[in-house]
Amino acid sequence: VGMLAGGTGITPMLQIIKAVLRDPSDDTKMSLIFANQTENDILVRDMLESEAQKHPERFKLHYTLDRPPTEWAYSEGFIDADMIKAHMPPPSSETVIFMCGPPPMIKFACKANLDTLGYPKDAQIEF
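All values derive from a computational prediction rather than experimental measurement.

Draft legend 1. Broad picture of the overall build of the protein chain. What the protein chain contains, in helices and strands, is four helices and six strands. Counting from the amino terminus, helix and strand elements in the protein chain follow one another as β-α-β-α-β-β-α-β-α-β. Its C-alpha radius of gyration of 14 Å places the protein chain within 12% of the 14 Å reference for a compact globule of 127 residues. Seen through its C-alpha atoms, the protein chain measures out along the principal axes to roughly 40 × 30 × 25 Å. Every one of the 127 residues in the protein chain was classed for burial, and the buried ones make up 44%. A gap of 3 Å separates the mean positions of the 12 positive and 18 negative side-chain charges of the protein chain.

Structure representation (structure tokens):
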């Protein structure tokens with residue numbers, strides 16, 4: 001399961017993450033790219049990082065910021081094909097990508113790049 005979230009679009013992703021990780025018998029692997037304007041805009045960061053630390057084999061977390069600080073360890077700018085390729089599961093019959101965020105992010109950053117990378121339309125789920 002891949003997740004692309006922008007700003008408050010983290011809300012439905014958080015519900016999925018919590019539900020999957022709550023069940024120790026669920027072996028679903030999840031990857032999240034969380035896009036924001038600035039580091040201070042990252043909602044529920046402590047919770048996300050705690051879950052990623054507790055479940056490193058089941059939950060991978062990556063950030064991208066439009067205006068990152070100087071010592072930023074993650075990505076800069078809009079979600080793009082290279083970022084998706086590096087941090088999302090590859091297209092397959094087992095892969096689904098959930099998206100939630102501002103409409104321009106979904107249309108231009110997410111769907112356009114997912115299409116380019118060969119993710120089937122029916123595996124791209126928008127909230």
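Still to come is the rest of the account.
Draft legend 2. Representation of the pairing of strand 2 (residues 30-36) in the model. Among the seven residues that make up strand 2, seven are buried, leaving the element largely enclosed by the rest of the structure. The two faces of strand 2 match: M30, L32, F34 and N36 on one face and S31, I33 and A35 on the other face are all buried. Pairing of strand 1 (residues 2-6) with strand 2 involves five bridges; the strand directions are parallel. Across the sheet, residue A5 finds its bridge partner in strand 2, namely F34. As paired strands, strand 2 and strand 3 (residues 59-65) are joined by seven bridges and run parallel to one another. By the bridge assignment, S31 is partnered in strand 3 with K60. Once you follow strand 2 into helix 2 (residues 45-54) and on to strand 3, the crossover reads as right-handed.

The rules behind each value
- One numbering rule holds for all chains: residues counted from 1, following each sequence as written.
- Owing to the predicted nature of the model, reporting of local features is limited to residues with pLDDT of at least 70; listing and counting of side-chain atom pairs is limited to 80 or more, with chain, interface and lining totals taken over all residues.
- Neither water nor hydrogens contribute to the side-chain values; these are computed over all heavy atoms in the structure.
- Put simply, DSSP H or I for four residues or longer makes a helix, DSSP E for two residues or longer makes a strand, and each gets a number counted from the N terminus.
- Values of the radius of gyration come from C-alpha atoms, whereas the globule rule sets the reference at 2.2 Å times the count of residues to the power 0.38.
- Type-normalised accessible area, obtained with a 1.4 Å probe on protein chains alone, sets the label of each residue: buried when under 20%, exposed when over 50%, and partly exposed for intermediate values.
- The charged-residue count follows a simple rule in which Lys and Arg add positive charge and Asp and Glu add negative charge, with His and chain termini not counted at all.
- To locate a charge, the coordinates of NZ of Lys, CZ of Arg, CG of Asp or CD of Glu are taken.
- DSSP-based pairing: two strands are paired if at least 2 bridges between them are found.
- Orient the strands so they point away from the viewer, and a crossover whose first-strand-to-second-strand path over the helix runs clockwise is right-handed.

As far as function goes, none of this settles anything; it's purely spatial.
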